[in-house]
Structure formats: C-alpha cells, structure tokens
Amino acid sequence: MRLRTYLILSYLALIVILSAGAWFIDAHVMGELTKSSIKIADQAVSNVTSDHVLHSDRILTLMGQYVVKDKAEDVARELAYVLKGKKLDDYAKLRRDPGLRAMAIQSIYTPHGPAGYTDLYDRDGYILFHPDKNVEGRNQLDWQKEYPETTEMIKRSFKENHVQGFFTFFDKDKKEKKRFGVRVHVPGTRFIAAAIVNLDEFFAPAQQRMKESCQLATVQAKERIEAHYAALNRDVMIGGLFAGLALCLVGGLSGLYFAAAISRPISRLRDGVRQVGEGDFAVAVPERGVREVADLAHSFNELGQQLTEYIEKRDFIRDTFGRYVTQEVVTKLLESEGALEMGGEKRDVSLIMSDLRGFTAIIAEMDPEEVITFLNRYLSRMIAILLDYRAVIDEIVGDGILAFFGAPEPQEDHPARAVACALAMQAAMGEINAENEADGLPHLAMGIGVNTGSVVVGNIGSERRTKYSVVGSDVNFASRMEAFALAGQVLISAATYARVRDLVEVAGVLEAEMKGMPGRATLYDVRSIGAPYNIRLADKSEQLSELPEPMGVRIHRLKDKIITGDTGRAWVTHLCDTAARVTSEGPLEAWEDLRLAFLDDNQEPTPGHIYGKVTRVTPLTDGRFEVRITFTSVPAGLCRTFGRSPGTD
C-alpha cells in the first residue's frame, strides 16, 4: 500500500474515530444533562403539586365546614322566627305547611350540584322533616346499631346547642362513605336543625380535579422534554456523521446550551415553589425557555393565581364571619396567638342593654315575613349605630340587644361613648317610626340601660362552641336597669354617672329596688350629652288632660309577659298620649307591668290592649289608690278611638 493511500486512509480513519468518539461523547453528555433536567423538573412539579394539594385541602375543608355550619345556623334562625307563636306539638299540622317544609329541607349545593341537605328533628329523636318522607315520624335512635357514629352525634345534639363532626355510612351499593354534619338547636323550640353533606360530592370533586391537573401537567412536561431530547439527539447523530469534529463541537455546544435553557427556568421554578411555601402566592416566574419548560412555568403561574383566589375566598369567609361577630373580635380571633383558648380577664367596661317595649304584643297578629322585615329595620339601624361607636355586640335576643365598650381593645372613654351611643339609638327611633308609619306598621318604643363596672371578658364555652362574651354581676345589674327604663328613656347607673357627670344633662333621678340586688339603686334619666358627641333627645311631654267623665278600664298584672291576675274595678280619670292617671279599687306596686283594656258602656272590653308600667302609687282616704301609668305600647287604632294619635318619644 502506498504511503499516501495509507495516510489518507489513516486520516480518514482518524476522522471517523474522532467523529464517532465525539458523537458518542456528545450523545452521553446530552443524555446525562437531559436526565438531570428531567429529574429537576420532576422534583419541582412534585413540590408544586404537594404544596398545591396541601393548601387546597386546608382551604376547601375550612370553607366547606363554614358553609355547612352557616347553613345549619341560617336554617335554625329562620325556623325560630317562623315557629314563634305556632303550636309546636302538632307535628302533622306542621308537616302540612309547605313554607315550613321548604325552609326545613334545603339542598346544599356546590358548583357541581347538590352535595347535601338539611332536615329537622326534635330532642327525642323524632324526625319532623326529611328529604325522604318515608322516614318522617320515625325516631333516629331506631338506627343505632346500623349507624352508631350518627346516633352518638344525635344524642349529643339533645344536650348540646351545637354539634358537628364527621361520620361514616354505607350507600345503596354497600360502599363505605363519609359525611360531615352540623346540628344546631332552633332557638325557642325543642327542634334541632341538621345540615349534612357527602364529602365525596362536597370536597372530593374539586380536590380530585386539582390533583389530576397537577399530575397531567407533570406527565405532559416529562413527555415533551423526552420527545424534545429524542428529536435533538437524532439531529446530533446526523450532524456528527456528516460534519465530523465541527458538528460534534457544535452538537456539544448545543447540548450545553440546551441544558442551560432547561436548568435556568427549572431553578426559577424551584425558587418560586419555595416562595409559595412561605405564603407568597402572588409569585410569578418568566415563561421562557423550551416549549415544555415554558408550559410548566405557565402552569405554575396559573397555580399561583388559583391559590390567590382561594385566599380571597378565605378572606370572604372571614368578612362573612364578621357579620355574626364584631370585626374587632374577628381580628383578635384570627391574628392573636392563643385567642381561641378558653378563659378571660377582668376588665372595666360599659354595658348597654336595650329592649323594645310591648314588642311581643305588637307582633302577635303580624305575619312571620312582616315580623322579620319589621324587626330587621329596627336592628339594622341599631347595629349600625353600635358599630359606629365601636361597640362589641355580645348578643341579640329577639328585640333585645346587649353590647359593651372597653374590650377587646381598651377604650379610655368607654362610659361616655356608651352613653352617647345609647342616646343616638334613642334619637334614631323617630326615623324608624316614620318609616314604619309610611308602611302601615306599628309604632315602636325602646328602653335602654347603661352600666359601668368590672366584668370578666373572654372566650366562654367549650372547644366545640365558644363565644366572646362578658359575665359578672354588673351585667345582671344592667339587665335589671333596662327593665326600669320607660319608652324613650336612657337610664344610667351611679357608676356610669360618676364618670360622665360633667358631660350629661339629667332629666330626673330614680331610686329603685331591684330583684336580687341589695339596697336601693340610684338611676339617672339622661336626656343629652355634650361635646364631642352633642346629642340631645327631644323633650317629652306627659301633660295629662282630665276626662269629662271617668272611663272604665280593666287592668291585668303581668309578670314575665304572663297575666297573673286583675286588680278589680278601675277608672281612667286623666289621659295623654303616653300616660294615664287611674283610680283603682285594688292595690298596685310601683314598676310592675300591666295590660289595660278600656270598657264600653256595657262594661265590656273594647278591642285592643294598652301595655304600661306603674310609675307612682298614691293611697286615697277612701281605701282606693291613685295610680300613674306610663304606656309602653299603644295600638294606633285604639288611640284614634279616643280622638288621639300615638305620640312620639
């Protein structure tokens, strides 16, 4: 063989060997870099998926429990208003009421359709309303052996006002399923409202979709990365065969560039996952790089947006919670460490106790829907005023309100703030009654008591049901005070008066003996308060006019709104819009509650009743008694019968 041939062949062989070596080396490097990139991408997606599922589980579970809890409480409140005044022992009659059935049996919906329902049973376990009419009238305790968990919750609900928890059951295919239920007592009745959801239909669909979406994104990213690698590897093989060392070099550089194009976006995704784990759901990464990596970055950014939306829903739940608990209390519960622990502390606070006079009699003949509209108009205005003055509303029981100032956040001026708030509430009654009159609704009158003292304030209840509230003798004293307040009055205690004496104007002083309280209490009738509040109530006129002839009247005593007896014969001698002077053959006691019915010429009661409170009793020389009665509730039609219109307080 000639040398030239040999050199050419050797050179060609060297070229082939170098090209093959470069090709194999490049292929190996490319394979390792691609495997490393896929591993990093897989790890990043796994981290994103786990964080996504963890946060979504927590948010969905919390949201779902609040939704079910709120549904049970809403149904209980609605039923309490509807059932008030009804005969509750006639179950058959109650079941025939379609409106009551619709209110007691409601579906609980998710975006995918119904996932649960509500029902109603009594404290003995008998089912009053149920979506399955075949079980109505049966006792839930009959299924104790088949459903021990459910039976245990039902038994607890007989004693506890609020019961919630998870329990298992078997569907029609004998498959074990899980449910979540909340059971709440209907106030003023012996019924219990239950809200129950199937977890497979309520939580699982959304959670499963999120998991499947993440898994699909992971699989698609890996498939695209692997497909991209296979195509690129073929190009490198062809380039290595035809371009030799130059193409091998280009292929190596391309491999290095490709690896960098993958690793940099993956590193950004890794950093983004860490920020999401730290709570920054608004983080976004650049959607650059190869298509698969850019798609992965896009999916990550969409995940951040979804988590942000979940946080907004959580905030919505917090704001909704604030409708049932004052915002200051919501903030304390959500942001303070240990805020949910049982216990409290002694605090100096001022308390407001208000109540409508004669409200039970006013609504006796009204439809339930009309009662709700009537009461909500009053409560909406009162609650707005209380919140404007930064009061914590402890509870609303029917038409009565208990609120306090000075907790959870200290308020140095809480006595003056409480008195100003009470005066503002009384001043607003004129606007409320003007609207009532325009709608043909009855006139309302309110009495308010304000007391300042030391109470225990904090979380009261149990781990399952807690209330941020106040307890103590000064709370009871405020309640006793409110009972002495006449229509349109704001009575304050001596403790409150000592703190605001330089700001207020007092129309009168009352010495009262209170049940359960030692000695006599001094109460002050406040009519105005100075700067910075500058609130003054309109002057009240109780100028009595003598009647041409005494008018017969039948008087019944009331105790806790129940008639306890009459006083014998009595006559009205003087009368005005808000009070009367009566001569009675029977004795009466100061501050007791009465119901009056005027008598016609045949000594028969005329339609309608007046409710009032005795404010003064004077014995007469002939053994009879002269009694001053201040009206707390006067039907408009009855006033017009005697040529008068109801006065405003």
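Residues numbered from 1 in each chain as written. Predicted model: local features only at pLDDT ≥ 70, side-chain atom pairs only at ≥ 80, totals over all residues. Heavy atoms only, no water.

## A short note on the overall build of the protein
Along its length, the protein carries 14 helices and 21 strands. Scored against the burial criterion, the 649 residues of the protein give a buried share of 46%. Sequence separation of at least 24 residues holds for 63% of the intrachain contacts in the protein that already meet a minimum separation of 6. Surface summary for the protein: the accessible area is close to 34000 Å², and the carbon and sulfur share equals 52%. (Helix = DSSP H or I, 4+ residues; strand = E, 2+ residues; numbered from the N terminus. Buried < 20%, exposed > 50% of the residue type's maximum accessible area, 1.4 Å probe, protein only. Contact = heavy atoms within 4.5 Å. Areas by Shrake-Rupley, 256 points an atom, 1.4 Å probe, with all protein chains shown as cover.)

## Here's the deal with a nonpolar patch on the surface
Residues Val456, Ile460 and Val471 make up a contiguous nonpolar surface patch of roughly 200 Å² in combined accessible area. Mapped onto the secondary structure, Val456 falls in strand S10 (residues 446–461). Residue class for Val456 comes out partly exposed when judged on its relative accessible area of 33%. (Patch = residues over 30% accessible without salt bridge, like charges linked within 9 Å, V, L, I, M, F, W, Y side chains within 5 Å. Salt bridge = Lys/Arg side-chain N within 4 Å of Asp/Glu carboxyl O.)

## What to know about the nonpolar core
Generally speaking, soluble globular proteins have nonpolar side chains that are buried together. Counting residues in each nonpolar core, the largest one holds 48 residues, and the members touching the most others are Ile352, Tyr378 and Met382. With sequence-adjacent residues up to four places away left out, Ile352 is seen in contact with Leu386, Ile401, Leu402, Ala403, Phe405, Ala418, Cys421, Ala422, Met425, Ile448, Gly449 and Val450. Counting residues in hydrophobic clusters, the runner-up holds 27 residues, among them Val75, Leu128, Val186 and Leu199. (Core = buried A, V, L, I, M, F, W, Y, C linked by side-chain atoms within 4.5 Å.)

## Thoughts on helix H11 (residues 414–438)
Between its terminal C-alpha atoms H11 stretches 36 Å, which fits the 36 Å expected from 25 residues at 1.5 Å a residue. Along H11, the sharpest change in direction is near 25° and occurs at Met429. Within H11, 18 of the 25 residues are buried, leaving the element largely enclosed by the surrounding structure. After H11 finishes, the residue Gly440 shows a positive phi value of roughly 75°. (Expected span 1.5 Å × (residues − 1). Bend = angle between axes of the 7 residues up to and from the residue.)

## Comments concerning unusual backbone geometry
Cis peptide bonds are those with omega within 30 degrees of zero, and the linkage from Ala407 to Pro408 qualifies with 0°. Examined against the element boundaries, Pro408 turns out to sit in the loop between strand S9 (400–405) and H11. In the segment running from Ala531 into Pro532, the intervening peptide bond is cis, with an omega of 5°. When you line up the elements, Pro532 lands in the loop between strand S14 (520–529) and strand S15 (535–536). For Arg390, which is not glycine, the phi torsion reads 60° and is therefore positive. If you trace the backbone, Arg390 turns up in the loop between helix H10 (368–388) and strand S8 (392–397). Its relative accessible area of 39% is what places Arg390 among the partly exposed residues. Even without being glycine, Asn534 reaches a positive phi, approximately 50°. Note that Asn534 resides in the loop between S14 and S15.

## Description of the side chain of Asn198
Along the chain, Asn198 turns up in strand S6 (residues 191–198). A polar side-chain atom of Asn198 sits 2.6 Å from a polar atom in the side chain of Arg179. (Polar contact = N/O pair within 3.5 Å; in protein donor to acceptor, adjacent residues only side chain to side chain.)

## Brief notes about the packing of aromatic side chains
Summed over the entire model, instances satisfying the criterion amount to five aromatic pairs. Measuring from centroid to centroid gives 6.5 Å for Tyr121 and Phe158, while their planes differ by 70°, and the two rings are edge-to-face. Separated by 37 residues along the polypeptide, Tyr121 in strand S2 (residues 113–122) and Phe158 in helix H4 (residues 148–159) bring together distant segments of the chain. What makes Tyr121 buried here is its relative accessible area of 0%. (Phe/Tyr/Trp six-rings, centres within 6.5 Å; stacked < 30°, edge-to-face > 60°.)

## Examining the pairing of strand S1 (residues 107–110)
Consecutive residues of a regular strand have side chains that alternate between opposite faces of the sheet. Across the two faces of S1 the burial differs, with Ile108 and Thr110 buried and Ser107 and Tyr109 not buried at all. In terms of strand pairing, S1 meets S2 through four bridges, oriented antiparallel. Its bridge partner being in S2, Thr110 is matched across the sheet by Gly113. Linking S1 back to S2 in an antiparallel pair, the connection comprises two residues. (Pairing = 2+ DSSP bridges.)

## Things to note about the pattern of salt bridges
Counting across every chain of the model gives 20 salt bridges. Ionic pairing is found between Glu592 and Arg557, a salt bridge with its closest N-O pair at 3.1 Å. Of this pair, Glu592 sits in the loop between strand S18 (579–584) and strand S19 (593–598) while Arg557 sits in strand S16 (residues 545–559); the two residues are 35 residues apart in sequence, bridging distant segments of the chain. Classification of Glu592 as buried rests on a relative accessible area of 14%. Note that Arg624 and Asp622 form a salt bridge whose closest N and O atoms lie 2.9 Å from each other.

## Thoughts on the pairing of S8
Two elements, S8 and S9, share five bridges in a ladder whose sense is antiparallel. When the sheet's bridge partners are listed, Glu395 is paired in S9 with Leu402. Following S8, the chain reverses through two residues before pairing antiparallel with S9; Gly398 in that reversal takes a positive phi of roughly 65°.

## Some words on the side chain of Arg347
Relative to the elements of secondary structure, Arg347 occurs in strand S7 (residues 343–356). A relative accessible area of 14% means that Arg347 is categorised as buried. Of the polar contacts made by the side chain of Arg347, one reaches the backbone oxygen of Gly406; its length is 2.9 Å. There is a polar contact of 3.2 Å between the side chain of Arg347 and the backbone oxygen of Pro408.

## So, helix H12 (residues 473–484)
For H12, which comprises 12 residues, the first-to-last C-alpha distance of 17 Å matches the rise-based estimate of 16 Å (1.5 Å per residue) to within 8%. Among the residues making up H12, those that are buried are Asp474, Val475, Phe477, Ala478, Met481, Glu482 and Phe484. Viewed along the axis of H12, the buried residues span an arc of 165°, placing them on a single side of the element. (Arc of directions from axis to C-beta.)

## What about the confidence of the model for the protein?
Here the protein averages 79 in pLDDT, and 76% of its residues register 70 or above. By mean pLDDT, the top-scoring element of the protein is helix H13 (residues 494–500) (94), and the lowest-scoring one is helix H14 (residues 636–641) (52). Note on residues 320–324: pLDDT is under 50 here. Beyond four places in sequence and across chains, it has seven contacts. (pLDDT = per-residue confidence, 0-100.)

## Description of the packing of H10 against H11
At a minimum axis separation of 10 Å, H10 and H11 run at an interaxial angle of 150°. By the angle between their directions, the pair H10 and H11 is classed as roughly antiparallel. As H10 packs across H11, the resulting crossing turns out to be right-handed. Contacts between H10 and H11 pair Phe374, Arg377, Tyr378, Arg381, Met382, Ile385 and Leu386 from the former with Cys421, Ala424, Met425, Ala428, Met429, Glu431, Ile432, Glu435 and Asn436 from the latter. A class-by-class count of the residues in the contact of H10 with H11 yields 11 nonpolar, one polar and four charged. (Axes fitted to C-alpha atoms, helices over the stretch in contact; angles between N-to-C directions. Parallel < 35°, antiparallel > 145°, perpendicular 65-115°, else oblique. Left-handed = near helix turned anticlockwise from the far one by under 90°. Nonpolar A, V, L, I, M, F, W, Y, C, P; charged D, E, K, R; others polar.)

## Points about the environment of Arg123
Checked against the element boundaries, Arg123 lands in the loop between S2 and strand S3 (127–129). Excluding its chain neighbours within four sequence positions, the residues that come into contact with Arg123 are Phe158, His185, Thr189, Arg190 and Ile192. Here Thr189 takes part through its backbone oxygen, which lies 3.3 Å from a polar atom of the side chain of Arg123.

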